[in-house]
Structure formats: C-alpha cells, structure tokens
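Observations on chain architecture
Letter by letter, the chains look like this.
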Amino acid sequence: MVVVSHFLKWIYTARVSERAAAASALARAYINSELPFEDRCAAEAALTLLLDDASSKVRLAMAEALSMSHHAPLQIISVLASDQPEVAGVVLARSPLLTDADLINRVASSPKVTQKLIADRPLVSMALSAAIAEIGEAEACAVLLANSGADIASLSFRRMAERHGHLPLVREALISDARLPADCRHMLLVKLGEMLKTSPLVMALMGAARADRVMRDACVKASVTLIEGTRQEEHAALIEHLRLRGDLTASFLIRTIAHGKVDFFGSALVALCQQSEQRVRALLAGGHDVALQALFRSAGLAAATHAIILRALKIWREVANGKRVAGVQEVSWLMLKEVGGQSAEGDLAALVKSIHLDALRENARGHALAIAAA
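Here goes a summary of the coordinates provided. (Residues numbered from 1 in each chain as written. Predicted model: local features only at pLDDT ≥ 70, side-chain atom pairs only at ≥ 80, totals over all residues. Heavy atoms only, no water.)

1. Brief notes about the overall build of the protein chain
What counts here: Each helix is a run of H or I in the DSSP string that is no shorter than four residues. Each strand is a run of E no shorter than two, and both are numbered from the N terminus. With the radius of gyration taken over C-alpha atoms, the globule rule is written as 2.2 Å times the number of residues to the power 0.38. Burial classes: relative accessible area under 20% of the type maximum marks a residue as buried, over 50% as exposed, and values in between as partly exposed (1.4 Å probe, protein chains only). Two residues qualify as a contact provided that any one of their heavy atoms is within 4.5 Å of a heavy atom in the partner residue. Using a 1.4 Å probe, the Shrake-Rupley method yields the accessible areas, and only the shown protein chains count as cover for residues.
Scanning the protein chain for helices and strands turns up 23 helices and zero strands. Taken over the C-alpha trace, the protein chain has a radius of gyration of 31 Å; the compact-globule value for 374 residues is 21 Å, which it surpasses by more than 25%. The buried share among the 374 residues of the protein chain stands at 44%. The long-range share in the protein chain, meaning contacts at least 24 apart out of those at least 6 apart in sequence, stands at 58%. Looking at the protein chain as shown, the accessible area adds up to about 19100 Å², and 57% of this sits on carbon and sulfur atoms.

As structure tokens, this is what we get:
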C-alpha cells in the first residue's frame, strides 16, 4: 500500500512515457503476483484512477497488460473496451472477460475497424457470428469468414450472402469457405450473374434482352455444376431454395438427369411429389416405365418429357451397374434421338440440343487441353 501511495502522488508530475511504463508494470503485477488482499485492493484503486489519465498511451499500456487475463478487474476492462478505438480495440480483440452480450453491443455501435477486431477474436461464438453477419460491415464479415475459430451457423452464411454477396471481397470469402451451404453458393451465382448482365460493357455488346438470356443460361449451367460439390444431405435445402426462386423447372431437371445427377434428381422428385425418399429411390433404381411415368406426372413433369428422362435414366442405371461406359455426350445424343434427332424442332428439342452441344464443346476443350499438356 505504501508503494501504491507513492505511485499515486508521483503520477501527477511524471512524463507520459513514465506513466505508461508504470501503468503497465502495475497492471502486470496485479494479474501475475500473489498480492495480499489490501495491496491488491490498493493496486486496483490505482488502476481505476489511471483510467482518467489524459494520455491514451497510458490507457493503452494498461489495456495491453490486462487484455488477455482472466483475472483483470472487470470494471477496468469494461471501461477500456469503451475507450477510443486504439485502446478499445486491444481489449475487444483479446479479453476473455467480455461476454457475447458485451461484444454484440460493441458490434452494433462500433466502426468497421473495431468490428474487424471482434470478428478476428481467437474464438467467436455462433451468437456473435450471427450478430456480425446481421449488422456487420462487409470488411468485418470477410474477416469473420477467414477466422478458423469462428463458429458460423448456416443462417449466418445466408445473411452474409444476402447482404454483401454482390461485393467481391465477401463473395470470394464465402465461396472459398467449405462450410458454405449449397443454396448460398447458388445465391452467389445468381448475384454474380445479375451484376454481369447489368454491366455497361455487357449491355453495350449484347443489349439488355440478350444479356439477360445469356446470363440466365449461364446460371442454370453453373447450378448443375454446383450439384457436383453438394453433399446429399444438403440437397433438400438447395432444392427448396431453387423452388422458392422459381428455378426448379422441368428444363433444369432434364439438365440434371442428362448430366447424371440422379441422386439430386431423386431428391427433387421427393420434394415435388411428397412421396417417401425410400420409394422414389427404389423406383429410380429399378422401377418399370409405367411406375416411373406416374412418378413424373405427380412431380408435374409434362408427358412429352417422360421419354427422354427415361432414356437417360436407363443409361445411367447401366453405367452405375458397370454394364456400360457413357458420359453426358452420349446420353444427351440418345435423348436427342428420342425427340427426333438433329432435325427436330420445338422447345424440348432445342433444350436437348443445347445440352448435347455443351457436352461436345466441353469434351473437345478437355481433349485439346490434354493434347497441349502431353
């Protein structure tokens, strides 16, 4: 207590650098030493008085000394967390004494620099992640996504995609995160397409109508590719997302079966038919044509589409059973034959032709790259 008494008299005449060094030493002594109760109370009183120091360097020295301790005085940590950003940031980024409620309040009232510090804490709870996703600036969301210690709920991923998915900084961070749900990936694809089709360059080259059509087709193709990286347990969420957007169309389902996405096609039928997954899977694996056509009708697929879907399904069955080797190019060609071949006309024929031409181009591109790499 005698030392603290001398310290309190001395600080009024000491230089800033001396006060900062003394504040740091006193704070470290408080958290690291086994002080008697009276000395501990005196040290805590002195640290509390230093909160009123005119120089932020003194308060910063205290913050750096106390910020990582579980034994720091809570009232001092609370005041330092409300200090100017340079001081508060150290405490907000490190202190284990701050609760989720404390940190969520700071996120709501702090500038993006402070939000980024909170998002980069060693451990970020699901509740705090949700707050950052809901009200945080784009930069804070990007930091959160890069933080391996952050526990992020699926809903929080969706909110970040909805709020900031149009910004490259957040979009790239979301796409590179393996935890991102499939429906969020699709949302980002759509946002990117919408941005591209309204860019001045695309508008000048194509015009509004053609740009809209081209980008819509590109998003559909990208959505089919997206299914490859989607776990089966995520199919239901992606299908519901597509259904609500109006993208779960007959043409999209035909594309999925042409590309061999039989599991996803089955999940879509389960959602559309309201039948059990076990029954739908059994029919797709070995059901007869009549039963399958009844299933397609209950899913709302027009009778004109049944033949090409059945043709594709039978080929993929043979591939799965090891009786045949085939890819999208052959499957789409046989589907095209079902509607009359290359000379066929109509929307359905045009769709199958486009799938077949895309497969031809993709195979040719892959062959050319293989030759170049040899």
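2. Observations regarding the nonpolar core
What counts here: Nonpolar core, defined: a set of buried Ala, Val, Leu, Ile, Met, Phe, Trp, Tyr and Cys residues in which side-chain atoms within 4.5 Å join the residues together.
In this structure, Ile-132, Met-160 and Leu-174 are the most contacted members of the largest nonpolar core, which totals 58 residues. Beyond its immediate stretch of four places on either side in the chain, Ile-132 contacts Val-107, Ile-118, Ala-119, Ala-140, Cys-141, Leu-144 and Arg-163. Residues Leu-238, Val-331, Met-335 and Ile-355 belong to the second largest nonpolar core, which totals 41 residues.

3. Considering unusual backbone geometry
Residues other than glycine seldom take positive phi values, yet Gln-274 does so here, at roughly 60°. The exposure class assigned to Gln-274 is exposed, which follows from its relative accessible area of 69%.

4. Side note on the environment of Asn-147
Inclusion rule: Distance and chemistry together define a polar contact, namely a pair of N or O atoms within 3.5 Å, with one atom able to donate a hydrogen and the other to accept it when in protein, and with adjacent residues in sequence counting only for side-chain atoms on both sides.
By secondary structure assignment, the location of Asn-147 is in the loop between helix H10 (138-146) and helix H11 (154-164). Distance in space between the C-alpha atoms of Asn-147 and Leu-123 is 8.5 Å, their sequence separation being 24 residues. Setting aside residues no more than four positions away along its own chain, Asn-147 makes contact with Ala-119, Asp-120, Arg-121, Pro-122, Val-124 and Arg-179. A polar atom in the side chain of Asn-147 sits 2.9 Å from the backbone oxygen of Ala-119.

5. Quick word on the packing of helix H7 (residues 100-109) against helix H9 (residues 126-135)
To keep things clear, this is the line we draw: Simply put, an axis is a line fit to the C-alpha atoms, just over the touching stretch for a helix, and the angle between two N-to-C directions goes from 0 to 180 degrees. Angles below 35 degrees are treated as roughly parallel, those above 145 as roughly antiparallel, those between 65 and 115 as roughly perpendicular, and all remaining angles as oblique.
Packing of H7 against H9 leaves a shortest axis separation of 9 Å and a crossing angle of 10°. With respect to each other, H7 and H9 are oriented roughly parallel. In this structure, H7 contributes Asp-100, Leu-103, Ile-104, Val-107 and Ala-108 to the contact, and H9 contributes Ala-127, Leu-128, Ala-131, Ile-132 and Ile-135.

6. Regarding the pattern of salt bridges
To be explicit about the condition: A pair is scored as a salt bridge if a Lys or Arg side-chain nitrogen falls within 4 Å of a carboxyl oxygen belonging to Asp or Glu.
Evaluation of the coordinates by the stated rule reveals 20 salt bridges. For the salt bridge of Arg-231 with Glu-234, the shortest nitrogen-to-oxygen distance reads 3.2 Å. Look at Arg-231 and you get partly exposed, because its relative accessible area is 45%. The salt bridge partner of Asp-263 is Arg-281, with a shortest N-O separation of 4.0 Å. Placement of the pair is Asp-263 in helix H18 (residues 262-273) and Arg-281 in helix H19 (residues 277-286), with a sequence separation of 18 residues. Exposure remark for Asp-263: the relative accessible area of 42% places this residue in the partly exposed category. One salt-bridge network, held together by shared partners, links Glu-134, Arg-159 and Glu-162.

7. Things to note about the packing of aromatic side chains
So the rule is basically this: In summary, the pairing rule links any two rings of Phe, Tyr or Trp, Trp by its six-membered ring, whose centres are within 6.5 Å, and it sorts them by plane angle into stacked for under 30 degrees, edge-to-face for over 60 and tilted for everything else. Over a ring means this: the NZ of a Lys or the CZ of an Arg is within 6 Å of the ring centre and within 35 degrees of the ring normal.
Applying the stated criterion to the full structure yields two aromatic pairs. Judged by centre distance (6.2 Å) and plane angle (85°), the rings of Phe-252 and Phe-264 are edge-to-face. Of this pair, Phe-252 sits in helix H17 (residues 250-258) while Phe-264 sits in helix H18, and the two are 12 residues apart along the sequence. When the centroid spacing of 6.1 Å and the interplanar angle of 70° are considered together, the rings of Phe-265 and Phe-296 count as edge-to-face. Of this pair, Phe-265 sits in helix H18 while Phe-296 sits in helix H20 (residues 289-298), and the two are 31 residues apart along the sequence. One residue, Arg-40, lies across the ring of Tyr-30, its end atom 4.0 Å from the ring centre.

8. Topic: the packing of H17 against helix H23 (residues 347-373)
Basically, it comes down to this: Working rule for handedness: look at the near helix, and if it is turned counterclockwise from the far one by less than a right angle, call the crossing left-handed; if clockwise, right-handed.
Two elements in contact, H17 and H23, have axes separated by 11 Å at closest approach and are oriented at 40°. Here H23 runs oblique to H17, going by the angle between their axes. Like other packed secondary-structure pairs, H17 and H23 cross with a definite hand, here right-handed. In this structure, H17 contributes Ser-251, Ile-254, Arg-255 and Ala-258 to the contact, and H23 contributes Leu-348, Leu-351, Ser-354, Ile-355 and Asp-358.

9. Some points on helix H12 (residues 168-175)
The α-helix advances 3.6 residues per turn, and as a result positions three or four apart in sequence lie on the same side. Test applied: The directions from the helix axis to the C-beta atoms form the arc being described.
Among the residues of H12, Val-170, Arg-171, Ala-173 and Leu-174 are the ones counted as buried. Relative to the axis of H12, the buried residues are bounded by an arc of 165° and lie together on one face.

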